[in-house]
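Each chain, letter by letter, is given below.
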Amino acid sequence: MIEQCDVIVVGAGPVGMLTAIELTLAGVRVVVLERLSAPSTAMKAFTVGPLGCEALARRGMLDGLAAGEAHNLADMQRFTEQTGADLAGRMKKYSGQFAGLALIRRDVMKEPERRGYAIDQPGLEAVLAGRVRALGIEVRRAHEVTGFTQGDDGVEVHGSCNGGVFRLRGAYLVACDGGRSLIRKQAGFAFPGTPPSLTFYQAIVELDHPERLLPAGWHRTEGGVFAYGPFPGRLFMLDFRGPPQDRDAPVTREEIETLARRISGKDIRVTSMATASRWADNTRLADSYRRGRVLLAGDAAHVHSPFGGQGMNLGLVDAANLGWKLAAVVRGDMPEQLLDSYTAERRPVAEVVLANTLAQVAILRPDPQAGAMRDLFAHVMQFDNVNRYIGEMMTGLATRYDMQSPLDTVGRLLGDQHGLYALMQDGHGVLLDASADASASRSVATATERVRCVAVDGGVSMLIRPDACVAWAGQAGSTDGLTEALRRWFNPAAR
């Protein structure tokens, strides 16, 4: 007999785990299948943007993020002591970079701070894994999916595990299995984009006298680009001579040393290497995030170069957007058409990320034309409004889903106002009711139990979805449009 569950998630990386958390909090039984027998320790992302961190904070993981950042900041302090380069101090002034050009922190501009956390991917996965365990979510490691079949009423997945085979059936299948997603390929999603043009390297190394040879931070040279730090031994390089001939071949110490010498122009000696990886700048986006009962999230839906550390942020917000919607459909509270909003809302956000990473590659190339464009761009970025625009694009804070509302607030992802995130730990929506007669709360109470009503003094009443998106805002105590928003997002029978 085939084992049953509600939703099958393939991939136990950060996006897969957050998807499973969202579904579980919403009352859906999830099984996560992961090919690897243990979490990867490879260094990938080492920061998570504000929207991704807020998605975790809403589900009780803020303390874990803070602890992970504290660990990384201690490593950055060690790097400062070794090199004299206070990169941790720079973080107090800058929020990130665009092709190595600094972005001024928003709070320095006297605006409310919504920030990311300097936590690396292994640390992030540990935080998510702790929440997964606390919720009793079943993660089956060393389970490699080899195929699936999709029918009108469900999806059956099969694969290999521990020398045997497994079969598992669910109502829906969510692919969080990375840029080379087997699920995406077998489901027939188109994945158009641009082919690779260069090779990225990231390594943790020990160098002979690095303090005399390698300056910290980003550097563009005639041979390419390198970045040293912000952690001891971390070396990042771009080789513009083309994509790797064999991306999966082991990266050797000699390869890193030869490339570091060519790009930096310094007589570098790599005395040892703890870990290293290489990848290319494929830039591709799925034509849709859903085909029937198969959905894509994270790198399975979009791949791009890592500039600006946007990939993790993008994938985590995919999970936050999808999870509550899919759960509402599985529970039978909402029609399947709700899932169409997932592609409609998230795919345009990915388009922006792919476009800006392509632009960053273009102005980093070691040729005179790219250099001239980079110099011009660096000058323009000195203007506060330009720096703000680029910063909000890179962090995702510019995100606004199109909800056909004239109010700019509607469609925005809300920060932690009025202690909002403490109210959302269980995955419910929230009504912030500023109406004097509590009329907004009465409308919600008759429509759904999955929205928590909270009276607030002054301001504007807002209906907030479980992903912190403002679904409705009331003007001057009016509830006009609230019933329509409740029907659209929580209960079609709302009246």
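Data block above holds the structure.
Position labels on residues start from 1 in each chain and follow its written sequence. Where totals are concerned, whole chains, interfaces and linings use all residues; where local detail is concerned, this predicted model gives features only for residues with pLDDT of at least 70, and gives and counts side-chain atom pairs only at 80 or more. Only hydrogens and water are set aside when side-chain values are computed; all heavy atoms of the structure are taken into account.

Q: Hey, could you go over the overall build of the protein for me, with residue numbers and the actual values?
A: In this text, helices come from DSSP runs of H or I with a minimum length of four residues, and strands from runs of E with a minimum of two, each type numbered from the N-terminal end. If you tally the helices and strands in the protein, you get 14 helices and 24 strands. Taken over C-alpha atoms, the radius of gyration comes to 23 Å for the protein, in line with the 23 Å a tight globule of 495 residues would show. With respect to the principal axes defined by its C-alpha atoms, the protein has extents near 75 × 60 × 40 Å. Counting every position in the protein, which comprises 495 residues, the buried fraction comes to 52%. It only takes one pair of heavy atoms within 4.5 Å for two residues to be counted as in contact. Considering only contacts in the protein between residues 6 or more positions apart, those separated by 24 or more positions represent 70%. For this count, His and the chain ends are skipped, Lys and Arg are scored as positive, and Asp and Glu as negative. Charged groups are reduced to one reference atom each: NZ for lysine, CZ for arginine, CG for aspartic acid, CD for glutamic acid. Counting 54 positive and 56 negative side-chain charges, the protein places the averaged centre of each group 1 Å from the other. Radius of gyration means the value over C-alpha atoms here, while the globule rule gives 2.2 Å times the residue count to the 0.38 power. Throughout, exposure labels follow a simple rule: accessible area from a 1.4 Å probe, protein chains only, divided by the maximum for the residue type, with under 20% read as buried, over 50% as exposed, and the rest as partly exposed.

Q: Which residues make up the sheet that holds strand β20 (residues 302–303), and what values go with them?
A: A pair of strands counts as paired when DSSP detects no fewer than two bridges linking them. Taken together, three strands build an open sheet; the order of strands is β11-β17-β20 and the sheet is antiparallel. The open sheet has two free edges, formed respectively by β11 (193–194) and β20, since each of these has just one partner strand. Each axis is a line fitted through C-alpha atoms, and for a helix only the stretch in contact is used; angles between axes span 0 to 180 degrees, taken between their N-to-C directions. Docked against the sheet, helix α10 (residues 340–364) engages β11, β17 (283–285) and β20, running at close to 170° with respect to β17.

Q: Give a description of the sheet that holds strand β1 (residues 3–4) that names residues and reports values.
A: With mixed pairing, four strands are arranged side by side in an open sheet as β1-β9-β8-β7. Because the sheet does not close on itself, it has two edges, and the strands there are β1 and β7 (143–151).

Q: How would you explain helix α3 (residues 62–83) if you had to name every residue and give the values?
A: To estimate the expected span of a helix, subtract one from its residue number and multiply by 1.5 Å. With 22 residues, α3 extends 31 Å from end C-alpha to end C-alpha; this agrees with the ideal 32 Å at 1.5 Å per step. Among the residues making up α3, those that are buried are Leu-65, Gly-68, Glu-69, Asn-72, Asp-75, Met-76, Phe-79 and Thr-80. For α3, the angular spread of the buried residues around the axis is 155°, confining them to a single face. Facing away from the buried side of α3, by more than 90 degrees, are the exposed residues Asp-63, His-71 and Glu-81. Gly-84 lies just past α3 and shows a positive phi near 80°. Within this analysis, the arc is defined by the directions that extend from the helix axis to the C-beta atoms.

Q: Which residues make up a nonpolar patch on the surface, and what values go with them?
A: Patch definition: residues above 30% relative accessible area lacking any salt bridge, with like charges linked at up to 9 Å and the nonpolar side chains Val, Leu, Ile, Met, Phe, Trp and Tyr linked at up to 5 Å. Every accessible area reported is derived by Shrake-Rupley at a probe size of 1.4 Å, with residue values counting cover from the shown protein chains alone. Salt bridges are identified by distance alone: a Lys or Arg side-chain nitrogen within 4 Å of an Asp or Glu carboxyl oxygen. Where nonpolar side chains cluster on the molecular surface, the patch consists of Met-373, Leu-376, Val-380 and Phe-383 and spans about 370 Å² of accessible area. Tracing the backbone shows Phe-383 in the loop between α11 (368–380) and α12 (384–395). A relative accessible area of 46% means that Phe-383 is categorised as partly exposed.

Q: Can you lay out the nonpolar core for me, pointing to particular residues and giving the numbers?
A: General note: in soluble globular proteins, nonpolar side chains tend to be found buried as a group. Working definition of a nonpolar core: buried Ala, Val, Leu, Ile, Met, Phe, Trp, Tyr and Cys residues. They are joined through side-chain atoms within 4.5 Å. If you look at the biggest cluster of nonpolar residues, it comprises 111 residues, and the most contacted ones within it are Leu-124, Val-157, Leu-173, Val-174, Leu-326 and Leu-463. The element contributing the most residues to this core is helix α9 (residues 310–331), with twelve residues. Ignoring anything within four residues of it in the chain, the contact list for Leu-173 reads Ile-8, Val-10, Phe-148, Val-155, Val-157, Ile-183, Arg-293, Val-294 and Leu-295. Phe-98, Ala-227, Trp-279 and Met-394 belong to the second-largest nonpolar core, a separate cluster that totals 20 residues.

Q: Report on the pattern of salt bridges, specifying residues and quantitative values.
A: If you walk through the whole model with that rule in mind, you get 29 salt bridges. Of the charged contacts, one joins Arg-59 and Glu-22 as a salt bridge, the two residues approaching to 2.9 Å between their closest N and O atoms. In this pair, Arg-59 is assigned in the loop between α2 (50–57) and α3 and Glu-22 in helix α1 (residues 14–25), connecting sequence segments 37 residues apart. Its salt-bridge partner being Arg-167, residue Glu-156 comes within 3.0 Å of it at the nearest N-O pair. Here Glu-156, found in strand β8 (residues 154–161), pairs with Arg-167, found in strand β9 (residues 164–170); they are eleven residues apart in sequence, far enough to count as distant. On the basis of relative accessibility, which here comes to 48%, the residue Arg-167 falls in the partly exposed class.

Q: Explain the packing of α2 against α9 to me, using residue names and the numbers behind them.
A: At a closest axis distance of 7 Å, the pairing of α2 and α9 adopts a crossing angle of 40°. One element, α2, and the other, α9, form an angle in the oblique class. Considering the relative orientation of α2 and α9, their crossing is left-handed. From α2, Pro-50, Leu-51, Gly-52, Ala-55 and Leu-56 reach across to α9, where they touch Asn-313, Leu-316, Val-317 and Ala-320. When residues are sorted by character, Ala, Val, Leu, Ile, Met, Phe, Trp, Tyr, Cys and Pro go into the nonpolar class, Asp, Glu, Lys and Arg into the charged class, and all the rest, Gly among them, into the polar class. Within the contact of α2 with α9, the residues separate by chemical class into seven nonpolar, two polar and no charged. Small angles under 35 degrees read as roughly parallel and large ones over 145 as roughly antiparallel, with 65 to 115 read as roughly perpendicular and the rest as oblique. Handedness of a crossing follows from how the near helix is turned relative to the far one, being left-handed for an anticlockwise turn of less than a right angle and right-handed for a clockwise one.

Q: I'd like a rundown of the packing of aromatic side chains, residues and numbers included.
A: Classification of ring pairs rests on two measures: the distance between centres of Phe, Tyr or Trp rings, Trp counted by its six-membered ring, which must be within 6.5 Å, and the angle between planes, read as stacked under 30 degrees, edge-to-face over 60 and tilted in between. What the rule picks out here adds up to twelve aromatic pairs. Summarising the aromatic geometry, the rings of Phe-200 and Trp-279 are spaced 5.6 Å apart at their centres and angled 5° between planes, so their arrangement reads as stacked. Pair noted here: Phe-200 is in strand β12 (residues 199–207) and Trp-279 is in strand β16 (residues 270–280), with a separation of 79 residues, a long-range link. Taken individually, Phe-200 and Trp-279 each receive the classification buried, so the pair is uniform in this respect.

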